[in-house]
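# What the coordinates show
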Amino acid sequence: MNYNLLKGKRGIISGALDSNSIAWKVAERAHAEGAVFTLTNAPVAMRMGEIKKLAESCNAEVIGADATSITDIENLFSKSQEVLGGKIDFVLHSIGMSPNLRKNLPYTDLNYDFYVKSLDVSAMSLHKMMTVAMKQDALNEWASVVALSYIAAQRTYSFYGDMADAKAMLESVARSFGFHYGKAKKVRINTVSQSPTKTTAGSGIKGFDNFYDFADKLSPLGNASADACADYCITLFSDLTRMVTMQNLFHDGGYSTTGISEDVWKLF
Ligand SMILES: NC(=O)c1ccc[n+]([C@@H]2O[C@H](COP(=O)([O-])OP(=O)(O)OC[C@H]3O[C@@H](n4cnc5c(N)ncnc54)[C@H](O)[C@@H]3O)[C@@H](O)[C@H]2O)c1
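Notes on the structure in this doc start here. (Residues numbered from 1 in each chain as written. Predicted model: local features only at pLDDT ≥ 70, side-chain atom pairs only at ≥ 80, totals over all residues.)

Phi angles above zero are rare outside glycine, and D137 is one such case at about 45°. Along the polypeptide, D137 turns up in the loop between α6 (112–136) and β5 (139–149). Phi at W142 takes a positive value of approximately 70°, unusual for a residue other than glycine. The topology assignment puts W142 in strand β5. The exposure class assigned to W142 is partly exposed, which follows from the 15 C-beta atoms found within 10 Å. (Helix = DSSP H or I, 4+ residues; strand = E, 2+ residues; numbered from the N terminus. Buried ≥ 20, exposed ≤ 12 C-beta atoms within 10 Å, placed from the backbone.)

Okay, the nonpolar core next. Counting residues in each nonpolar core, the largest one holds 72 residues, and the members touching the most others are I13, A16, V26, A27 and C233. Counting residues per element, this core draws most heavily on helix α7 (residues 163–185), at eight residues. Setting aside its immediate chain neighbours within four residues, V26 contacts I13, L92, A230 and C233. (Core = buried A, V, L, I, M, F, W, Y, C linked by C-beta atoms within 7 Å. Contact = placed C-beta atoms within 7 Å.)

The immediate surroundings of the ligand are formed by 27 residues, with S21, G96, T199, A201 and G202 found nearest. At the level of elements, α1 (22–32), β5 and α8 (200–203) are the ones that each hand at least two residues to the shell around the ligand. Top element by residues in the shell around the ligand is α8. It accounts for three residues. In terms of residue class, the shell around the ligand is built from 13 nonpolar, 13 polar and one charged. (Near = placed C-beta within 6 Å. Nonpolar A, V, L, I, M, F, W, Y, C, P; charged D, E, K, R; others polar.)

With that settled, the discussion passes to the environment of V36. Checked against the element boundaries, V36 lands in strand β2 (residues 36–40). Since 21 C-beta atoms lie within 10 Å of it, V36 is described here as buried. In sequence terms V36 and L84 are 48 residues apart; their C-alpha atoms lie 7.0 Å from each other. In this structure V36 touches R10 and L84, once residues within four positions along its chain are discounted.

Bringing α1 into the picture now. Of all the eleven residues making up α1, eight are buried; the element is thus mostly covered by neighbouring parts of the structure. Along α1, the positions that sit buried rather than exposed are I22, A23, W24, K25, V26, A27, R29 and A30.

Moving on, we come to the packing of α6 against α7. α7 packs onto α6 with a crossing angle of 10° between their chain directions and a minimal axis gap of 8 Å. The angle between α6 and α7 places the two elements in the roughly parallel class. Residue-level inspection shows S118, L119, S122, A123, L126, H127, M130 and M134 of α6 in contact with α7, the latter providing M163, D165, A166, M169, L170, V173, A174, F177, Y181 and A184. For the contact of α6 with α7, a count of residues per class yields 14 nonpolar, three polar and one charged. (Axes fitted to C-alpha atoms, helices over the stretch in contact; angles between N-to-C directions. Parallel < 35°, antiparallel > 145°, perpendicular 65-115°, else oblique.)

Let us now look at the sheet that holds strand β7 (residues 248–251). Strands belonging to one sheet form pairs held by backbone hydrogen bonds; the direction of such a pair is parallel or antiparallel. Overall, parallel pairing links the seven strands, which are arranged β3-β2-β1-β4-β5-β6-β7 in an open sheet. The outermost strands of the open sheet, each flanked by one partner alone, are β3 (61–62) and β7. With three bridges joining them, strand β1 (residues 10–14) and strand β4 (residues 88–93) adopt parallel strand pairing. Looking at β4, one finds that I13 is bridged to L92. Strand contacts of helix α4 (residues 70–84): β1, β2, β3 and β4, with the helix running at about 150° to β2, the strand carrying the most contacts. (Pairing = 2+ DSSP bridges.)

Judged by how many residues are buried, β2 sits mostly within the fold: five of five residues are covered. Judged by which residues are buried, β2 turns out to be covered on both faces: V36, T38 and T40 on one side and F37 and L39 on the other are all buried. Sheet analysis places β1 next to β2, joined by five bridges and oriented parallel. Across the sheet, the residue bridging to G11 is F37, located in β2. With α1 bridging β1 and its parallel neighbour β2, the resulting β-α-β unit is right-handed. Pairing of β2 with β3, which is carried by two bridges, proceeds in the parallel orientation. (Right-handed = clockwise from strand over helix to strand, strands pointing away.)

Remember that the coordinates give geometry; whether it matters functionally is a separate question.
Dropping the structure here:
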């Protein structure tokens, strides 16, 4: 069901790698809700070609940008405004990557160059995007920015490595920048803390399948799907949530406030 919630709005959507990506679902929903937007991803991810299919189906232009490069982000925001014909109303930050996790390095013995890279790609990139947007005055008043997070920012998940630190930083950047951008331009910035989801980034985490099943059994509503996450992001981009900012919003079927469930209990 479509509600025209984003009719007349212009956006930038990062992180659509393939049809499993959360950002892919957000793009499809945003298109169905009447938005126009540009798609962006790291140049290396775009060479895989999948994003072109999404771009065609959503009538969107693709603008390559490494989220760690200020020059690339400047080009992303200026080109997006040019292509879409005005300032931006919503931004999705759906970017995460840890070289330490990729190489299976334990949290207690990280490669520090990789650690810096994890933080830069997965968290500082939000700060960089907001700084560029502010300098270019690229966002309309009441624009909405959403970044995707995970509960390892608040609680320890032994297998989540340095991504836990990146998510804690991401949520903090959303709060701090949310304050300053809110004061300056009424721009709101939130993070959505999503259930484990079967995507390339998700499945890259060791033991992901077991953990996915555990979370599914613990949550009274089960794990939230990527499609449901997209629905939630659309509500946050819409004018119906104008006074929500600087929040970390759990989108997890009740997982974050459940202690134990009988389904999990029975397994022991
Ligand atoms: N999958 C899960 O279980 C889960 C749960 C909670 C939160 N998240 C978060 O959701 C977001 C999207 O991940 P996903 O699960 O859809 O996986 P995904 O692998 O489809 O998306 C991650 C994206 O980050 C992009 N990226 C990596 N390095 C980049 C760079 N330098 N510049 C620009 N883009 C870069 C990748 O190309 C990819 O498109 C991430 O922040 C992830 O941490 C995922």
